[in-house]
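# Remarks on the overall topology
Chain by chain, the residues:
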Amino acid sequence: QVHLVESGGGLVQPGGSLRLSCEASGSIFSINEMGWYRQAPGKERELVARITTPGDPDYADSVKGRFTISGGHTKNPVYLLMNSLKPEDTAVYYCKGVGVYTDFKSFNSWGQGTQVTVFS
């Protein structure tokens with residue numbers, strides 16, 4: 001019922017930047033948390049960054065100082081600005097949204113993922 005669609009992935013050289021976007025659609029009353037997760041080849045899916053309303057954003061130690069999450073309000077995109085990209089950032093990046101439908105039932109939804117490949 002809630003659809004999250006990521007965009008902005010692609011190929012980038014080490015040290016480069018990308019901005020990922022995630023847009024939510026559906027019968028949403030509010031979004032309480034938006035997060036970015038990634039899954040690298042042969043690895044488990046891990047938290048990259050998340051933002052709550054209200055609250056402060058938090059980041060995985062591996063991306064602190066390089067990545068910035070912003071946006072995420074209901075019906076508005078959430079962004080992940082990735083700077084100083086490293087080969088180890090290569091992964092499929094997933095958007096996750098937690099919130100409430102217009103009928104006040106909760107949801108926890110994932111996007112389909114967008115591939116980020118850091119060329120080396």
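Numbers given for residues are sequential positions, taken from 1 along each chain in its written order. Totals for whole chains, interfaces and linings use every residue, but because this is a predicted model, local features are given only for residues with pLDDT of at least 70 and side-chain atom pairs only at 80 or more, for both listing and counting. Note that the side-chain values use all heavy atoms of the structure and ignore hydrogens as well as water.

Count a disulfide wherever a pair of cysteine sulfur atoms falls within 2.5 Å. Within the structure shown, the criterion is met by 1 disulfide. One disulfide bridge connects C22 with C95, the sulfur atoms lying 2.1 Å from each other. For the disulfide bridge between C22 and C95, the dihedral angle about the S-S bond is near -85°, and by the sign convention the bridge is left-handed. Of this pair, C22 sits in strand β3 (residues 18–25) while C95 sits in strand β9 (residues 91–101), and the two are 73 residues apart along the sequence. Relative accessibility thresholds used throughout: buried, under 20% of the residue-type maximum; exposed, over 50%; partly exposed, between the two (1.4 Å probe, protein chains only). With a relative accessible area of 0%, C22 lands in the buried category. Strands here are runs of E lasting at least two residues and helices are runs of H or I lasting at least four, both read from the DSSP assignment and numbered beginning at the N terminus.

The residue T114 is located in strand β11 (residues 114–118) in this model. Reaching out from T114, the side chain makes a polar contact with the backbone nitrogen of G9 at a distance of 3.2 Å. When sequence neighbours within four positions are dropped, the list of residues in contact with T114 reads E6, S7, G8, G9, L20, A91, V92 and Y93. Pairs of N or O atoms within 3.5 Å make up the polar contacts considered here, provided that, within protein, one atom can donate a hydrogen while the other can accept it, and that residues adjacent in sequence are counted only when both atoms are side-chain atoms. By definition in these notes, contact holds between two residues if any of their heavy atoms fall within 4.5 Å.

We define a salt bridge as a contact between a side-chain nitrogen of Lys or Arg and a carboxyl oxygen of Asp or Glu at a distance within 4 Å. Inspection of every chain in the model, using the stated rule, returns 5 salt bridges. Here R38 makes a salt bridge to D89, at a shortest N to O gap of 2.9 Å. Separated by 51 residues along the polypeptide, R38 in strand β4 (residues 28–39) and D89 in the loop between β8 (78–82) and β9 bring together distant segments of the chain. With respect to class, R38 is no different from D89; both count as buried. Notably, a salt bridge pairs D61 with K64, separated by 3.1 Å at the nearest N-O pair.

Once that is clear, we can look at the environment of K105. On the secondary structure map, K105 appears in the loop between β9 and β10 (106–110). Separated by 77 residues in sequence, K105 and I28 have C-alpha atoms that sit 9.7 Å apart. Ignoring anything within four residues of it in the chain, the contact list for K105 reads G99 and V100.

To continue, consider the nonpolar core. To define a nonpolar core, start from buried Ala, Val, Leu, Ile, Met, Phe, Trp, Tyr and Cys residues and group those joined through side-chain atoms within 4.5 Å. Within the largest apolar cluster, 29 residues are counted, with the highest numbers of intra-cluster contacts made by M34, W36, V48, F67, L80, M82 and Y93. Those elements that place two or more of their residues in this core are β3, β4, β5 (46–52), β7 (67–71), β8, β9 and β11. For M34, the residues in contact, after removing those within four places along its chain, are L4, C22, A49, R50, I51, I69, G72, V78, C95, K96 and G97.

For sheets, the rule is that strands pair by backbone hydrogen bonds, running either parallel or antiparallel. Strand order in this open sheet of 4 strands is β1-β3-β8-β7, and the pairing throughout is antiparallel. Edge positions in the sheet fall to β1 (3–7) and β7, since each of these pairs with one other strand and no more. Going from strand to strand, the sheet's axes swing by 15° on average, the running direction of each strand aside. Pairing geometry for β7 and β8, over 5 bridges, is antiparallel. Counterpart to S70 in the pairing with β8 is Y79. When DSSP finds two or more bridges between two strands, those strands count as paired. What counts as an axis is a line fitted to C-alpha atoms, over the stretch in contact for a helix, and the angles between N-to-C directions run from 0 to 180 degrees.

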